[in-house]
Amino acid sequence: MINRRTFSKAVGLGTGAAAVSLSGLQTGASAAPAGNSAPTAPMSGGTSGITVPTITPGTHTEFSTIKQVKAGLLDIGYAEAGPAHGPVVICLHGWPYDIHSYVDVAPLLADLGYRVIVPYLRGHGSTRFLSRHTPRTAEQSAVALDIIALMDALKIEKAVLAGFDWGSRTADIIAALWPERVKSLVSTSGYVITKVSAQLEPALPAVEHNWWYQWYFATDRGKKAMENEDQRIALCRYVWTLVSPNWNFDDATFARTAEAFKNPDYAAIVLFNYRWRIGLIEGERRYDRYEKQLAAQPPIAAPTITLDPALDPFTPPGGGSTYRDHFTGPYEHRTIANIGHNLPQEAPTLFAQAVVDADHL
C-alpha cells in the first residue's frame, strides 16, 4: 500500500487547491459500491470527449484466458483483452489483490479499442520465477523491471500505465526512470515512490495505526501467519474490509482473488517488500542504482491523472496537493467519493474513464 511518509506529511493539512478538484466526481459522478447498488453516471465524456459506458461493479467475474510469457526473471501470467493492434494499456494490481481488480475495467477499455494487459505481479497467481536460485526479493525497482521485461517480451514499446497500491508505485517508477515507455499514467494515491530513508522516522499515531500489518509482518508471528496459507488468506480478507468500508464484496469475489495468494512465493515476496521498505532488510545489489535514483524522488513528466479514493484510509487530505509538484507534465487530479482502496474494482467505470482521459491529455 502507499508510502506512509507521504501520508504522514499530509495529515493535518487543509483542502489545498494546488491540484485540480473535479467536484462532479466527488458527488454525483462517484461510483456506487459493489453489490445491489445501482451505478451512477460517469463524468460526461471526461476531458477526452469519450464517455465510458456505465456498468455495475461485479458485472464481469472472470477473464476468458490467462496467458504466460517468459520475461526477465519470470514466467509472467497475464490476462489480455481487446484488439491485438490497439493502443496498449497495462493495468497493475496491488496488495492484497490480483488481476481481478480489473475484471470490469478491462472489457470497458477493450470495447473502446484498447489492448489491455493485466499481469500478475511477482509472487502472485500464475507468475513464477524461472530459476529456483533467484532470490525472492521485492524491491520496488525489481517489480518495475518485471513490467519493463513484460513489455519487451510482448514487443510493447510504449503503453498507458494504470495502477493502485503496488501497481501505482510500479507505474510511477517506470514513468520516472523509463519515461520513453509511458504514453500516459493513471496513479491512484498519487506519487507513491518509496524513499526508504524517510520511512525510518516515526509517523503520527493515526498513520502508524493504519500500518498495523506492516509492523506485524516485521515480526516472527507475522511471518508465520503469512507462511500459513489459511492464515494469510484470512488476513488478506480482513484487510479488504478495513480499507474498503463501503465495498460489499461477496465470498465468491474474494475467493477468486485469493487463489492468487496460493502462489508458492507469495509469502516471501510480500514479507520482503514490507520489511525492505521500512529498512529492516537490504535489497539485492543489482537494484541499488535504481533505488538510489528513486531515493531522489524523481519527477514524472508523462501526462497523468491522479485518483484519490475518499474512503481509503491511506488517502491524505489536501486534494492531491501533497504530491502535485512531482508531476511536471499535463496533469489532472480527481477525488472519488464513497470509494475505498480497491478503486478499479469498486468503481470500474470511473477508473476506465480516467485511463481514457489520461490517454488524451
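Look up a bit, the structure's there.
The structure presented is a predicted model; accordingly, all values stated were derived computationally and were not measured.

Describe in detail the overall build of the chain, supporting the description with residues and values.
For the chain, the count of helices and strands is 14 helices and 9 strands. Evaluated residue by residue, the chain yields a buried proportion of 60% over its 361 residues. Taken as a whole, the chain presents about 13,600 Å² of accessible surface, with 53% of it coming from carbon and sulfur.

Give a description of the pairing of strand 9 (residues 331–336) that names residues and reports values.
Of all 6 residues making up strand 9, 6 are buried, and the element is well covered by its neighbours. Of the two faces of strand 9, the one holding Tyr-331, His-333 and Thr-335 and the one holding Glu-332, Arg-334 and Ile-336 are both buried throughout. Here strand 8 (residues 304–309) pairs with strand 9 via 6 bridges, running parallel. The residue of strand 9 that forms the bridge with Thr-304 is Tyr-331.

Which residues make up the nonpolar core, and what values go with them?
Membership of the largest hydrophobic core comes to 109 residues, with the highest contact counts inside it found for Ile-90, Trp-95, Leu-109, Phe-217 and Phe-351. Residue contacts for Phe-351: discarding those within four places in its chain leaves Tyr-102, Val-105, Ala-162, Gly-163, Val-186, Thr-188, Leu-307, Leu-343 and Pro-344.

Can you tell me about the packing of helix 4 (residues 140–153) against helix 12 (residues 288–295), naming the residues and giving the values?
At a minimum axis separation of 9 Å, helix 4 and helix 12 run at an interaxial angle of 110°. Relative to helix 12, the element helix 4 lies roughly perpendicular. Touching Gln-140, Ser-141 and Leu-145 of helix 4 are Tyr-290, Glu-291 and Leu-294, all from helix 12. Across the contact of helix 4 with helix 12, the residue classes break down as 3 nonpolar, 2 polar and 1 charged.

Any details on the pattern of salt bridges? Residues and values, ideally.
Scanning the entire structure with this criterion turns up 12 salt bridges. Between Arg-122 and Asp-146 there is a salt bridge, with the nearest N and O atoms lying 2.7 Å from each other. With Arg-122 in the loop between strand 4 (115–119) and strand 5 (128–129) and Asp-146 in helix 4, the pair connects residues that are 24 residues apart, well separated along the chain. Asp-146 sits in the buried class, given a relative accessible area of 7%. In this structure, a network of salt bridges that share partners links the residues Lys-67, Glu-80 and Arg-115.

So what about the environment of Asp-104? Which residues, and what values?
Position of Asp-104 among the secondary structure elements: in the loop between strand 3 (88–92) and helix 3 (105–111). Among residues more than four places away in sequence, those in contact with Asp-104 are Ile-55, Thr-56, Pro-57, Gly-58, Thr-59, His-60 and Pro-348. Engagement of the side chain of Asp-104 in a polar contact is seen with the backbone nitrogen of Gly-58, the distance being 2.6 Å.

Describe helix 10 (residues 251–258), with residues and values.
The α-helix advances 3.6 residues per turn, and as a result positions three or four apart in sequence lie on the same side. Listing the buried residues of helix 10 in full gives Thr-253, Phe-254, Thr-257 and Ala-258. The buried residues of helix 10 all sit within an arc of 130° when viewed along its axis, so they share a single face. Buried residues along helix 10 sit against helix 9 (229–243) and helix 13 (343–346).

Report on the pairing of strand 6 (residues 159–163), specifying residues and quantitative values.
Taken across its 5 residues, strand 6 has 5 buried, putting it largely inside the fold. The alternating pattern of strand 6 places Ala-159, Leu-161 and Gly-163 on one face and Val-160 and Ala-162 on the opposite face, and all of these are buried. Note: strand 3 against strand 6, 4 bridges, orientation parallel. Bridge pairing links Val-89 to Val-160 in strand 6. Taken together, strand 6, helix 5 (residues 166–177) and strand 7 (residues 182–188) form a β-α-β motif whose crossover is right-handed.

Describe unusual backbone geometry, with residues and values.
Of the consecutive residues Trp-95 and Pro-96, the connecting peptide bond is found in the cis state with omega at 0°. With respect to the element layout, Pro-96 can be found in the loop between strand 3 and helix 3. Even without being glycine, Ser-189 reaches a positive phi, approximately 75°. Phi at Asn-338 takes a positive value of approximately 65°, unusual for a residue other than glycine. Locating Asn-338 in the fold gives a position in the loop between strand 9 and helix 13.

What counts, and where the lines are drawn
Residues numbered from 1 in each chain as written. Predicted model: local features only at pLDDT ≥ 70, side-chain atom pairs only at ≥ 80, totals over all residues. Heavy atoms only, no water. Helix = DSSP H or I, 4+ residues; strand = E, 2+ residues; numbered from the N terminus. Buried < 20%, exposed > 50% of the residue type's maximum accessible area, 1.4 Å probe, protein only. Areas by Shrake-Rupley, 256 points an atom, 1.4 Å probe, with all protein chains shown as cover. Pairing = 2+ DSSP bridges. Core = buried A, V, L, I, M, F, W, Y, C linked by side-chain atoms within 4.5 Å. Contact = heavy atoms within 4.5 Å. Axes fitted to C-alpha atoms, helices over the stretch in contact; angles between N-to-C directions. Parallel < 35°, antiparallel > 145°, perpendicular 65-115°, else oblique. Nonpolar A, V, L, I, M, F, W, Y, C, P; charged D, E, K, R; others polar. Salt bridge = Lys/Arg side-chain N within 4 Å of Asp/Glu carboxyl O. Polar contact = N/O pair within 3.5 Å; in protein donor to acceptor, adjacent residues only side chain to side chain. Arc of directions from axis to C-beta. Right-handed = clockwise from strand over helix to strand, strands pointing away.

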